[in-house]
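# A closer look at the structure
Residues per chain, in single letters:
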Number of protein chains: 2
Amino acid sequence: MDSLEEKTVKRETIFDGKIIKLVVDDVVLPNGARSKREIVKHPGAVAVIAMTPENKMVMVEQYRKPLEKAIVEIPAGKIEPDEAPELTAGRELEEETGYKTDDLKHLVSFYTSPGFADELLHIYLAGDLKKQANPLQADEDEFVNIVEVSLDEALQLIEEKVICDAKTVYAVQYWQLLEATN
Amino acid sequence: MDSLEEKTVKRETIFDGKIIKLVVDDVVLPNGARSKREIVKHPGAVAVIAMTPENKMVMVEQYRKPLEKAIVEIPAGKIEPDEAPELTAGRELEEETGYKTDDLKHLVSFYTSPGFADELLHIYLAGDLKKQANPLQADEDEFVNIVEVSLDEALQLIEEKVICDAKTVYAVQYWQLLEATN
């Protein structure tokens, strides 16, 4: 793999924000030529596939400013400094949906867009959901509507592009695979 | 859905690069409070699930500077200005793998990370692959190794975190679902 490596000559920090940081690296390519790489640094995130006893998946409708529209996603959130991803998963699930669980299983982790960002997303499967009377409160700048959908409804929402992000499309396909192999 | 909308008060452009652009929006939240949203603008991308007659999936090993390592992914690339995504798909497949196809079927499109980026990724299924003697050449700053993997090998590469990005994890799960339902 060494032959593909791009060596960093210089790194310039362009922006250091609340959530992301932007750097531009000057690199030496495998053939010795120079190029620039624009890189978004992100703390990483978790997402939770949470199934109710009625075999519905818990999702949240949320306005996404980059898209200028509300979409429906599985519960998710960014990892706080020094927070273990599994703790983030439990916290975000409760904050966004009011469900608590002690049963979290790590399914897979993936980089959302390795061409320009280092964000790593960890996906968990949550069982044994318990609705909390007084759940943790969401972040003060976060507003969500909770929806619980059947597999058919989820597939219809993909058709309608209301479910339209990587982690949720993955989650619905995971559900299809579960149903196909059970 | 209107109740979730975040209205833009001001937009500041922080960076306008070769591939991405970074803006920061001042927004009014549904409760009237103010917040900031850090947004990466991206031209969009395509990825191709390409199966050989030997029932292997065509992938490329590529160094990803944001991760500082080489990983194995399905062929992909960003959409050029005014390029139809299906043309991008055919072009990137040939440039990166040497395979040409006239049989591209759109499977799904998803936002890779809607919390901070507007990148929309279109995934195509390619059939009827033809190896080209003189394929289109890759971008001058792009270096890849071609690998063709069985489903078992792909699952093993996920286990080893060599396959570790959203589109490729999705593609392998798509393959599992195909096998489970055929």
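Residues numbered from 1 in each chain as written. Chains lettered and ligands numbered in written order. Predicted model: local features only at pLDDT ≥ 70, side-chain atom pairs only at ≥ 80, totals over all residues. Heavy atoms only, no water.

As annotated in an unreviewed UniProt entry, chain A carries the name ADP-ribose pyrophosphatase and comes from Listeria cornellensis FSL F6-0969.

Taken residue by residue, chain A gives an average pLDDT of 95. The fraction at 70 or more is 99%. Reported confidences for the modelled complex are a pTM of 0.96 and an ipTM of 0.96. (pLDDT = per-residue confidence, 0-100.)

Within the fold, Asp102(A) resides in the loop between strand S8 (99-100) and strand S9 (103-111). In this structure the C-alpha to C-alpha distance between Asp102(A) and Ala45(A), which are 57 residues apart in sequence, comes to 19 Å. (Helix = DSSP H or I, 4+ residues; strand = E, 2+ residues; numbered from the N terminus.)

On to the pairing of strand S3 (residues 34-41) of chain A, then. All names here are of chain A. As paired elements, strand S2 (residues 21-28) and S3 share eight bridges and run antiparallel to each other. Bridge assignment links Val 27 to a residue of S3, and that residue is Ser 35. Hairpin connection, S2 to S3: the antiparallel pair is bridged by five residues, and Gly 32 has positive phi, about 90 degrees. (Pairing = 2+ DSSP bridges.)

The subject of this paragraph is the side chain of Lys65(A). Examined against the element boundaries, Lys65(A) turns out to sit in the loop between strand S5 (57-64) and strand S6 (69-73). Within the structure, the side chain of Lys65(A) is placed 2.8 Å from the side chain of Asp25(B), a separation counted as a polar contact. Those residues in contact with Lys65(A) that lie beyond four places of it in its chain are Glu6(B), Thr8(B), Arg11(B), Asp25(B), Val27(B), Arg37(B) and Ile39(B). (Polar contact = N/O pair within 3.5 Å; in protein donor to acceptor, adjacent residues only side chain to side chain. Contact = heavy atoms within 4.5 Å.)

Between its terminal C-alpha atoms helix H3 (residues 166-181) of chain B stretches 22 Å, which fits the 22 Å expected from 16 residues at 1.5 Å a residue. Turning to H3(B), its buried residues are Ala166(B), Lys167(B), Thr168(B), Val169(B), Tyr170(B), Ala171(B), Val172(B), Gln173(B), Tyr174(B), Trp175(B) and Leu177(B). (Expected span 1.5 Å × (residues − 1). Buried < 20%, exposed > 50% of the residue type's maximum accessible area, 1.4 Å probe, protein only.)

To continue, consider the sheet that holds strand S5 (residues 57-64) of chain B. All names here are of chain B. Across the sheet, which stays open at both edges, the three strands sit in the order S6-S5-S12 with antiparallel pairing between neighbours. Single-partner strands in this sheet number two, and they are strand S6 (69-73) and strand S12 (144-149). Pairs of neighbouring strands in the sheet enclose a mean axial angle of 25 degrees, with direction left out of account. In this sheet, S6 lies alongside S5 in antiparallel orientation, the contact comprising five bridges. Considered in S6, the bridge of Gln 62 is made with Ile 71. Packing of helix H2 (residues 151-159) onto the sheet brings it into contact with S5 and S12, and relative to S12 it is tilted by some 125 degrees. (Axes fitted to C-alpha atoms, helices over the stretch in contact; angles between N-to-C directions.)

Here the focus is the relation of the copies chain A and chain B. Aligned on chain B, chain A shows an RMSD of 0.0 Å; the corresponding rotation is 180 degrees and the shift along the axis is 0.0 Å. Here the copies are linked by what is in effect a two-fold axis. An overlap of 100% is found between the interface residues of chain A and their copies at the interface of chain B, pointing to a shared contact surface. (Least-squares fit on C-alpha atoms with pLDDT ≥ 70 in both.)

Residues and elements named next belong to chain A. If you walk across this open sheet you meet the three strands as S1-S2-S3, and the pairing is antiparallel. With partners counted over all chains shown, the strands left at the sheet margins are strand S1 (7-16) and S3, one partner each. Taking the axes of each pair of neighbouring strands and ignoring which way they run, one obtains an average angle of 20 degrees across the sheet.

Residues and elements named next belong to chain A. Assigned domains within chain A: domain 1 (7-41) and domain 2 (45-180). Distance from the C-alpha centre of domain 1 to the C-alpha centre of domain 2: 31 Å. Taken together, the contact between domain 1 and domain 2 spans six residues of the former and five residues of the latter. Carbon and sulfur atoms supply 49% of the area that domain 1 and domain 2 bury against each other, a total of about 400 Å² over both sides. Contact with domain 2 buries surface across domain 1, with Ile 19, Val 40 and Lys 41 losing the most and accounting together for 68% of the total. Counting the contacts that link domain 1 with domain 2 gives one salt bridge. (Domains from an automatic or database assignment. Buried area = accessible area lost by both parts, 1.4 Å probe. Salt bridge = Lys/Arg side-chain N within 4 Å of Asp/Glu carboxyl O.)

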